Amino acid sequence: MGRNYLGYIWWRLMPKGLAWCWPKRGVASKEAELTVAPEFLAQLELKDQWVTGDALYAQRGLRGQVVDQGGEYFWVVKANQPSLQEAIALLFAQPPWGEEFGVARPVSRHGDRQEERQLWSSTALNDYLDWPHLGQVCSIERIRTRKGGTSRETNYAITSLSPAKADAQRLQEIWRGHWGIENRSHYVPDVTMKEDASQVRTGSAPEVMAALRNLVIGLLRQAGAANIAAALRHYSWNVSEALALLGLVTP
């Protein structure tokens with residue numbers, strides 16, 4: 001879930017954990033995303049699905065709705081839930097004697113950047129926190145090394161998934177998948193397609209333009225583009241290929 005995207009579904013039965021983002025629904029100026037989210041989720045078949053959401057959606061009501069509809073939730077936890085964040089942070093900073101955490105430590109390299117993601121998971125707070133349906137809490141530290149410099153970032157999350165359903169490695173994959181959807185749904189339209197800088201604000205024009213941007217992004221991804229910015233440059237230089245992609249001419 002995220003800004004104007006009221007539902008990320010992680011399909012557990014998909015090979016390799018492929019993720020899908022359900023069609024988005026605009027949020028009117030007088031609406032709040034948390035008001036629209038229950039309505040949106042009620043329209044979906046959540047049985048055996050995983051729903052992930054940013055910190056905004058770490059709410060008791062949404063948690064209960066997802067579970068009642070047969071799904072599982074995975075919510076990022078930040079400062080908007082201070083007591084919850086503090087309890088999780090304290091658990092991993094000062095674990096009880098003898099507590100054993102689930103651990104996953106994948107390392108990846110992208111060009112000159114190396115990133116290590118260390119995830120720890122625990123059931124120690126299940127009976128302590130006032131969060132029914134809680135299966136685990138987890139902490140992830142991302143350590144990035146680039147050109148001799150190192151940065152660290154720590155985040156927390158809660159999930160209804162028990163260790164039997166999702167061990168630390170699987171939670172790592174779910175979290176990475178959530179970030180991947182966040183990047184595809186937000187970063188590419190906002191930064192690459194300049195959505196935030198758009199001056200189109202009258203009537204339904206903003207939604208029409210958003211739909212067109214999403215259409216372009218979808219076509220490029222369907223064509224196998226891994227880098228949307230590079231693909232846009234390629235097709236701007238090769239108009240005939242762009243027309244073929246739209247089905248207007250024969251390749």
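Engineer: Can you tell me about the layout of surface pockets, naming the residues and giving the values?
Structural biologist: Its volume calculated, the second largest pocket comes out at about 160 Å³. If you trace the second largest pocket, you find it lined by Val216, Leu219, Leu220, Leu232, Tyr235, Ala242, Leu245 and Leu246. The element best represented in the lining of the second largest pocket is helix H5 (residues 205-222), accounting for three residues. Across the lining of the second largest pocket, the residue classes tally to eight nonpolar, no polar and no charged.

Engineer: Residue-level account of the nonpolar core, with values.
Structural biologist: Trp75, Ile88, Leu129, Val137 and Ile158 are the most contacted members of the largest nonpolar core, which has 26 residues in total. Those elements giving two or more residues to this core turn out to be helix H1 (33-42), helix H2 (60-68), strand E4 (72-77), helix H3 (82-93) and strand E9 (149-159). With five residues, H3 is the single largest residue contributor to this core. Trp50, Leu119, Ala157 and Ile174 belong to the second largest nonpolar core, which has 14 residues in total.

Engineer: Explain the packing of H5 against helix H6 (residues 228-237) residue by residue, including any values.
Structural biologist: Where H5 contacts H6, the axes come no closer than 10 Å and their chain directions differ by 90°. Compared by their axis directions, H5 and H6 come out roughly perpendicular. Facing H5, whose interface residues are Val216, Ile217, Leu220 and Arg221, H6 presents Ile228, Ala231, Leu232 and Tyr235. Residue classes in the contact of H5 with H6 are distributed as seven nonpolar, no polar and one charged.

Engineer: Could you give an account of the packing of aromatic side chains, with specific residues and numbers?
Structural biologist: Considering all chains together, one arrives at three aromatic pairs under this definition. With a centroid separation of 5.5 Å and an interplanar angle of 70°, the aromatic rings of Phe74 and Trp175 are classed as edge-to-face. With Phe74 in strand E4 and Trp175 in helix H4 (residues 168-192), the pair connects residues that are 101 residues apart, well separated along the chain. Here the two residues Phe74 and Trp175 agree in accessibility, since each one is buried. Ring centres of Phe92 and Phe101 lie 4.9 Å apart, and the angle between their planes is 55°; this geometry places the pair in the tilted category. Overall, the relative accessible area of 15% leaves Phe92 in the buried class.

Engineer: Got a sec to walk through the pattern of salt bridges? Specific residues and values, please.
Structural biologist: What the rule picks out here adds up to five salt bridges. Salt-bridge contacts for Glu153 lead to Arg144; the nearest nitrogen and oxygen are separated by 3.6 Å. One salt-bridge network, held together by shared partners, links Arg142, Arg144 and Glu153.

Engineer: Let's hear about the environment of Val200: which residues, and what values?
Structural biologist: Among the secondary structure elements, Val200 is positioned in the loop between H4 and H5. Those residues within four positions of Val200 in sequence are excluded, and the remaining contacts are Ala205, Pro206 and Met209.

Engineer: I'd like to hear about H5, residue by residue, with values.
Structural biologist: Between its first and last C-alpha, H5 extends 25 Å over 18 residues, near the 26 Å set by a 1.5 Å rise per residue. Buried residues of H5: Ala210, Arg213, Ile217, Leu219 and Leu220, and no others. Downstream of H5 by one or two residues, Gly224 has phi in the positive range, about 100°.

Engineer: Report on a nonpolar patch on the surface, specifying residues and quantitative values.
Structural biologist: A cluster of nonpolar side chains, namely Val200, Val208, Met209, Leu212 and Leu215, defines an oily patch on the protein surface of about 390 Å² accessible area. We classify Val200 as partly exposed; its relative accessible area is 35%.

The rules behind these values
Note that residues are indexed from 1 along each chain, following the sequence as it is written. Only residues with pLDDT of at least 70 get local features here, since the model is predicted, and only at 80 or more are side-chain atom pairs given and counted; chain-wide, interface and lining totals rely on the full set of residues. Remark: hydrogens and water are excluded; side-chain values derive from all non-hydrogen atoms of the structure. Here a cavity denotes a set of grid points, spaced 1 Å apart and computed over the protein atoms alone, in which a 1.4 Å probe fits but from which it cannot get out, and a pocket denotes an open set meeting protein on both sides within 12 Å along at least five of seven lines; residues with an atom within 4 Å of a point are reported as lining. Grid points are joined across faces, edges and corners, and a volume is the space filled by probe spheres set on the points. What counts as a helix is a DSSP run of H or I of at least four residues, what counts as a strand is a run of E of at least two, and both are numbered from the N terminus. Classes in brief: Ala, Val, Leu, Ile, Met, Phe, Trp, Tyr, Cys and Pro nonpolar; Asp, Glu, Lys and Arg charged; the others, Gly included, polar. Buried Ala, Val, Leu, Ile, Met, Phe, Trp, Tyr and Cys residues that are joined via side-chain atoms within 4.5 Å together make up what is termed a nonpolar core. Partly exposed describes any residue whose relative accessible area lies between the buried limit of under 20% and the exposed limit of over 50%, with all areas from a 1.4 Å probe on protein chains only and scaled to the type maximum. Lines fitted to C-alpha atoms define the axes here, with helix axes fitted over just the stretch in contact, and angles between the N-to-C directions of these axes take values from 0 to 180 degrees. Here roughly perpendicular refers to angles of 65 to 115 degrees, roughly parallel to angles under 35, roughly antiparallel to angles over 145, and oblique to all remaining angles. Residues count as neighbours in contact if any of their non-hydrogen atoms are within 4.5 Å of one another. Between rings of Phe, Tyr and Trp, where Trp is taken as its six-membered ring, a pair exists when centres lie within 6.5 Å; planes separated by under 30 degrees are stacked, by over 60 edge-to-face, and by other angles tilted. Between Lys or Arg on one side and Asp or Glu on the other, a salt bridge is scored when a side-chain nitrogen of the former is within 4 Å of a carboxyl oxygen of the latter. Multiplying 1.5 Å by the helix residue count minus one yields the expected span of that helix. Note that patches include only residues with greater than 30% relative accessible area and no salt bridge, and the join distances are 9 Å for like charges and 5 Å for nonpolar side chains (Val, Leu, Ile, Met, Phe, Trp, Tyr). Using the Shrake-Rupley algorithm and a 1.4 Å probe, accessible areas are obtained, with residue cover drawn only from the displayed protein chains.

Keep in mind these numbers describe shape, not what the thing actually does.
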